[in-house]
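Coordinate inspection notes
One-letter residues, chain by chain:
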Amino acid sequence: MRVNAVAPGPIWTPLNPIGGKPEGIPDFGKDTPMGRAGQPNEVAPAFLFLACDDASYMTGQVLHPNGGTVVNGCGRNFLLFGEIFPIDGVKSQPFLPLRQMHH
């Protein structure tokens, strides 16, 4: 069983102007080392990689397409794919893709 995640940084989508604070749009993503928000096409390959055979030797990893911010552990937003496997190894619980938001 493999469990991996993608924890994107600030990503520009058409919903950004209506989903947050309009006054913050000009500065969205400028606090990343790359100085800008990412585009969806810059994040999608991370999901594709984890879904294909090229990632067959990866487990317990979090990919961070986030503009260069160094992250130890999970980022603010992360998506998990696979099964929950408790540390004690007693029971595995299948789940659908899960999105958690931490503020």
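See the structure above.
Residues numbered from 1 in each chain as written. Predicted model: local features only at pLDDT ≥ 70, side-chain atom pairs only at ≥ 80, totals over all residues. Heavy atoms only, no water.

This part takes up the overall build of the protein. Helix and strand counts for the protein stand at two helices and six strands. Going from the N terminus to the C terminus, the protein shows its helices and strands as β-α-α-β-β-β-β-β. Within the span of the protein, comprising 103 residues, buried residues form 22% of the whole. Counted over contacts in the protein with a minimum sequence separation of 6, partners at least 24 positions apart contribute 60%. For the protein, the exposed surface amounts to about 7,400 Å²; the carbon and sulfur share of it is 61%. (Helix = DSSP H or I, 4+ residues; strand = E, 2+ residues; numbered from the N terminus. Buried < 20%, exposed > 50% of the residue type's maximum accessible area, 1.4 Å probe, protein only. Contact = heavy atoms within 4.5 Å. Areas by Shrake-Rupley, 256 points an atom, 1.4 Å probe, with all protein chains shown as cover.)

With that out of the way, let us pick up the environment of M1. Mapped onto the elements, M1 comes out in the segment before β1 (4-6). Given the relative accessible area of 53%, M1 is considered exposed. Expressed as a C-alpha distance, the spacing of M1 and T59, which sit 58 residues apart in the sequence, is 8.1 Å.

Turning to the environment of G67, a few remarks are in order. The residue G67 is located in the loop between β2 (62-63) and β3 (77-81) in this model. A residue is classified by how much of its surface remains accessible, and G67, at 18% relative accessible area, is buried. Beyond its immediate sequence surroundings of up to four residues, G67 is in contact with T32, P33 and M34.

Before going further, it helps to spend a moment on the pattern of salt bridges. Close approach of charged atoms lets side chains of opposite charge pair. Scanning the entire structure with this criterion turns up one salt bridge. R36 serves as the salt-bridge partner of E42, at 2.8 Å between the closest nitrogen and oxygen. For E42, a relative accessible area of 37% gives the class partly exposed. The class of R36 is partly exposed, set by a relative accessible area of 36%. (Salt bridge = Lys/Arg side-chain N within 4 Å of Asp/Glu carboxyl O.)

Within the fold, T32 resides in the loop between α1 (16-19) and α2 (40-51). Using a relative accessible area of 7% as the deciding quantity, one classes T32 as buried. Among residues more than four places away in sequence, those in contact with T32 are P10, N66, G67 and T69.

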